[in-house]
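# Coordinate inspection notes
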Amino acid sequence: MTAFNHVQTAHCESGVISNMFRHYGLQISEPMAFGIGAGIFFGHLPMVKVNGVPGTTYRIWPGAIFSRVCKRLGVKMESHKFSKPEKAMQALDDVIEKGIPVGMLSSVYYLPYFPESYRFHFNAHNLVVFGKQGRDYLVSDPVMDTTTVIDPESLAQARFAKGFPEPKGKMYYPVSVPQQVDFAKPIQEGIKQACYYMLKIPMPQFGVKGIRYLAKRVKKYPEKVGDRRAGLYLGNIIRMQEEIGTGGAGFRFMYAAFLQEAGTLLNNNELKAIGKELTAVGDLWRNFAFSAGRVCKARAADTVSYNELSNMLLHIADEEEKVFRRLSKVKF
Amino acid sequence: MKKDEVPQDGDNLHHGTFKQLFYAVDPSGEYAPVSSIGWEPENVALGQAWEEVEQRVNETRDRVLAGQLSPIAYYMERTLLDLPLLARKAGKFQWQVKRHMKPAVFKNLGATLLARYAAIFSIPADALQKGKLVPFKRPQ
């Protein structure tokens, strides 16, 4: 059986990167992977509804962090999708037989070991299978504190969940990992890309503009959709921001941790200082979640509180814009 | 967020069996991962989401018992699916699944299709055919 050094992380995608690369001798922390992959983002998409509730995201779309990190660090991955569960499970068996840990996409709804209250239909969860124990598979799920096992039927269901995005049994594993990597250039590229996504996308739903866009809509929730739905909409914003995998405050703390680590590594005090500023913005996000949680709990929607929440978001947008403008001007 | 500000609001949702990781600043100003058993706003939001599911399941159950809908509608809510998702899983068009939610149409569904639905809902096929409504239990 392959020994796999499992370390619990906050977010599944950056966590799998960190755990998997370490297996091949490439040390990279979770925040570093998140930063090089330019994982930080904001988007509010009222048209994309999840169970009738508008979608909000605090990070880039699933899979992007992984592919960017591989490209920037020169890691070569092998990746497969399948049409039939039988084939997908056979391919998995073949690879782990060789002692290679395999990363894959899954739906948390079908993971029996996952905390029950989180088991909604979320299809882009990354985990690593590193061996077998009788029929069962040994799993290193980055958001769990220890390794676990899963039965083949559940794993097959999780890998072939329907909906968006469809995992289609996707599995991946590195075929060539460099032992020594100079992080300087990947860090710069990651930061440049993050700034572009936060500041320059010419659509109102994305980046800093997206936060303002959300602010405008939150203000109108009570009159537009009524008490009950307004509460649900707010609840979803909180969940996307604070549920497992975010590292706190919708990935803001994780990205701040990256800036500080990068600042130390490159001996760049400006990066460290910006990291501190982003930490302050993260605290603003937490205050927002706290107030929004109180509004949810109160149930009766009063316009005053929704106005206040909207103003909090506008303030966050201003502060976050300052942080990323400053970050975009950093000299390396 | 400072290390000592990392929330530790247990709420029985995970019975203390699950801890998540946050990044927080330690006294020297460096970031370090800290585990947390939960935070009040997230607990509220999660509880609210499950309450919504529960309410929809109950409403649909009442309509099935009143003879307005078939058990397919009930089990769709119980497995947290919606119409587009269920249709994708069943390999049918949405209008077809909608039809199967009519009690009169449901009565005449073939064994193969019933078995396919039952597998999606993780219940025995004969339970589905007999219209047994396995109760929904939200995570406590």
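About the cut-offs
- Residues numbered from 1 in each chain as written.
- Chains lettered and ligands numbered in written order.
- Predicted model: local features only at pLDDT ≥ 70, side-chain atom pairs only at ≥ 80, totals over all residues.
- Helix = DSSP H or I, 4+ residues; strand = E, 2+ residues; numbered from the N terminus.
- Rg over C-alpha atoms; globule rule 2.2 N^0.38 Å.
- Buried ≥ 20, exposed ≤ 12 C-beta atoms within 10 Å, placed from the backbone.
- Contact = placed C-beta atoms within 7 Å.
- Pairing = 2+ DSSP bridges.
- Axes fitted to C-alpha atoms, helices over the stretch in contact; angles between N-to-C directions.
- Nonpolar A, V, L, I, M, F, W, Y, C, P; charged D, E, K, R; others polar.
- Domains from an automatic or database assignment.
- Arc of directions from axis to C-beta.
- Core = buried A, V, L, I, M, F, W, Y, C linked by C-beta atoms within 7 Å.
- pLDDT = per-residue confidence, 0-100.
- Left-handed = near helix turned anticlockwise from the far one by under 90°.

### A few points about the overall build of chain A
In terms of regular secondary structure, chain A is built from 10 helices and 8 strands. Here the C-alpha atoms of chain A give a radius of gyration of 20 Å, agreeing with the 20 Å that 2.2 N^0.38 yields for 332 residues. Dimensions of chain A along its principal axes, counting C-alpha atoms only, are 60 × 45 × 30 Å. Buried residues in chain A amount to 50% of all 332 residues. A sequence separation of at least 24 residues applies to 70% of the contacts in chain A between residues at least 6 apart.

### Comments concerning the sheet that holds strand β6 (residues 136–140) of chain A
Residues and elements named next belong to chain A. Strand order in the open sheet made by the 6 strands is β3-β8-β4-β5-β6-β7, with antiparallel pairing throughout. Looking at the sheet topology across the chains shown, the edges are occupied by β3 (76–80) and β7 (148–150). Strand-to-strand twist in this sheet, taken as the mean axis angle between neighbours without regard to direction, amounts to 40 degrees. Running at roughly 45 degrees to strand β5 (residues 125–133), helix α1 (residues 12–23) makes contact with β4 (102–106), β5, β6 and β8 (171–176) of the sheet.

### Some remarks on unusual backbone geometry
Its identity as a non-glycine residue notwithstanding, Ala38 of chain A has a phi of 50 degrees, on the positive side. Structurally, Ala38 of chain A can be placed in the loop between α2 (30–36) and β1 (40–50). The phi dihedral of Ser122 of chain B is positive, around 55 degrees, even though this residue is not glycine. For Ser122 of chain B, the location among the structural elements is in the loop between α6 (111–121) and α7 (125–129). Assessed through the 12 C-beta atoms surrounding it within 10 Å, Ser122 of chain B is described here as exposed.

### What to know about the interface of chain B and chain A
Taken together, the contacts link 31 residues of chain B with 41 residues of chain A. Sorting the residues of the side of chain B that touches chain A by element identifies β1 (20–25), β2 (31–36), α1 (40–65) and α3 (83–90) of chain B as the ones contributing at least two each. Tallying contributions element by element places α1 of chain B first for the side of chain B that touches chain A, with 10 residues. By residue class, the composition of the side of chain B that touches chain A is 20 nonpolar, 3 polar and 8 charged.

### A short note on the domain arrangement of chain A
For interface size, the figure often reported is the accessible area lost on association. Residue and element names in this part refer to chain A. According to the domain assignment, chain A contains domain 1 (12–28 + 45–176) and domain 2 (184–328). Facing 14 residues of domain 1, the contacting portion of domain 2 comprises 18 residues. Of the residues that constitute the side of domain 1 that touches domain 2, the class distribution is 10 nonpolar, 2 polar and 2 charged.

### Some points on helix α5 (residues 152–159) of chain A
Along an α-helix, a turn takes 3.6 residues, which lines up residues three or four apart on a common side. All names here are of chain A. Those residues of α5 not exposed but buried are Leu155, Ala158 and Arg159. For α5, the buried positions fall inside an angular range of 95 degrees around the axis, keeping them on one side. Check the buried side of α5 and you find it contacts α4 (85–97), β4, β6 and β7.

### Focus on the nonpolar core
Within the largest apolar cluster, 114 residues are counted, with the highest numbers of intra-cluster contacts made by Val129, Phe253, Met254, Tyr255 and Ala292 of chain A. Looking at this core, the element that brings in the most residues is helix α7 (residues 207–242) of chain A, giving 12 residues. Ignoring sequence-local partners within four residues, the contact set of Val129 of chain A consists of Leu92, Ile96, Val102, Met104, Tyr137, Leu138 and Val139 of chain A. By size, the runner-up hydrophobic cluster in this structure holds 18 residues, among which are Val64, Met76, Leu85 and Phe121 of chain B.

### So, the environment of Leu65 of chain B
All names here are of chain B. The residue Leu65 is located in helix α1 in this model. We classify Leu65 as exposed; it has 12 C-beta atoms within 10 Å. Between the C-alpha atom of Leu65 and that of Leu133, which follows or precedes it by 68 residues, the distance is 9.3 Å.

### Section: the confidence of the model for chain B
Low pLDDT marks regions whose predicted coordinates should not be analysed in detail. Here chain B averages 91 in pLDDT, and 95% of its residues register 70 or above. Predicted as a complex, the structure gets a pTM of 0.93 and an ipTM equal to 0.89.

### Side note on the packing of α7 of chain A against helix α9 (residues 269–298) of chain A
All names here are of chain A. For the pair α7 and α9, interaxial distance at closest approach is 9 Å and the crossing angle is 145 degrees. As α7 runs across α9, the sense of the crossing is left-handed. Across the interface between the two elements, Gly231, Leu234, Gly235, Ile237, Ile238, Gln241 and Glu242 of α7 pack against Trp285, Ala289, Ala292, Gly293, Val295 and Cys296 of α9. Broken down by class, the residue content of the contact of α7 with α9 amounts to 8 nonpolar, 4 polar and 1 charged.

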